[in-house]
Amino acid sequence: MGSTVLSLRIDSELLDRLKLHAARRQMSVQDYVVRTLVRDDFDERFKAAVDETEKFYGRTPTAPDRERTGTGGRTTEPAAAGEGDQVRPSAGIA
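It should be emphasised that the depicted structure is a prediction, and the values quoted were computed from it without experimental measurement.

**Q** Quick one: what's the story with the overall build of the protein chain, residue by residue and with numbers?
**A** Looking only at helices and strands, the protein chain has three helices and zero strands in total. In the protein chain, the succession of helices and strands from N to C terminus is α-α-α. Each of the 94 residues in the protein chain was classed as buried or not, and the buried ones make up 4%. Element-wise, carbon and sulfur atoms account for 54% of the exposed surface of the protein chain, whose accessible area totals about 8,900 Å².

See below:
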């Protein structure tokens, strides 16, 4: 993968903060900015993929739903007759 030069003007206070963040991670400002942009780009692409998946399969339960049911999004209600892979405790016992 090749690289290209990007020149931009930023506020001096922002540059100072970028230098501080980069120094904390023992990185150059350039490496820190590139890493941050790559991470942000990944986050946006991941969100777009999740949105597309939800459009195709439907929305999955949200975190509060999973916490409320305590089952990772599954309800604790029994399945209706013919639904799911329910096995009765007496199955296979003569």
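Here the narrative resumes, following the displayed structure.
**Q** Give me the lowdown on the pattern of salt bridges, citing residues and values where you can.
**A** The tally for this structure, following the rule as stated, stands at three salt bridges. A salt bridge links Arg45 to Asp41; its shortest N-O distance comes to 3.0 Å. Highlighted residues: Arg45 and Asp41, both in helix H2 (residues 29-57), separated by four residues, approximately one helical turn. Judged by its relative accessible area of 38%, Asp41 falls in the partly exposed class. Residue Lys47 pairs with Asp51 through a salt bridge whose shortest N-O separation is 3.0 Å. Of the two residues, Lys47 and Asp51 are both situated in helix H2; the distance of four residues between them amounts to about one turn of the helix. On the basis of relative accessibility, which here comes to 31%, the residue Asp51 falls in the partly exposed class.

Criteria and thresholds
Residue numbering note: each chain is counted from 1, following its sequence as written. In view of the model being predicted, local features appear only for residues whose pLDDT reaches at least 70, and side-chain atom pairs are presented and counted only at 80 or more, with totals across whole chains, interfaces and linings using the full set of residues. Hydrogens and waters are ignored; side-chain quantities use all the structure's heavy atoms. Each helix is a run of H or I in the DSSP string that is no shorter than four residues. Each strand is a run of E no shorter than two, and both are numbered from the N terminus. Whether a residue is buried, partly exposed or exposed follows from its accessible area with a 1.4 Å probe, protein chains only, as a fraction of its type maximum: under 20%, in between, or over 50%, in that order. Computed by Shrake-Rupley with a 1.4 Å probe, the accessible areas treat only the displayed protein chains as cover when residues are assessed. The salt bridge definition used is simple: a Lys or Arg side-chain nitrogen within 4 Å of an Asp or Glu carboxyl oxygen.

Treat this as a map of the structure, not an account of what it does.
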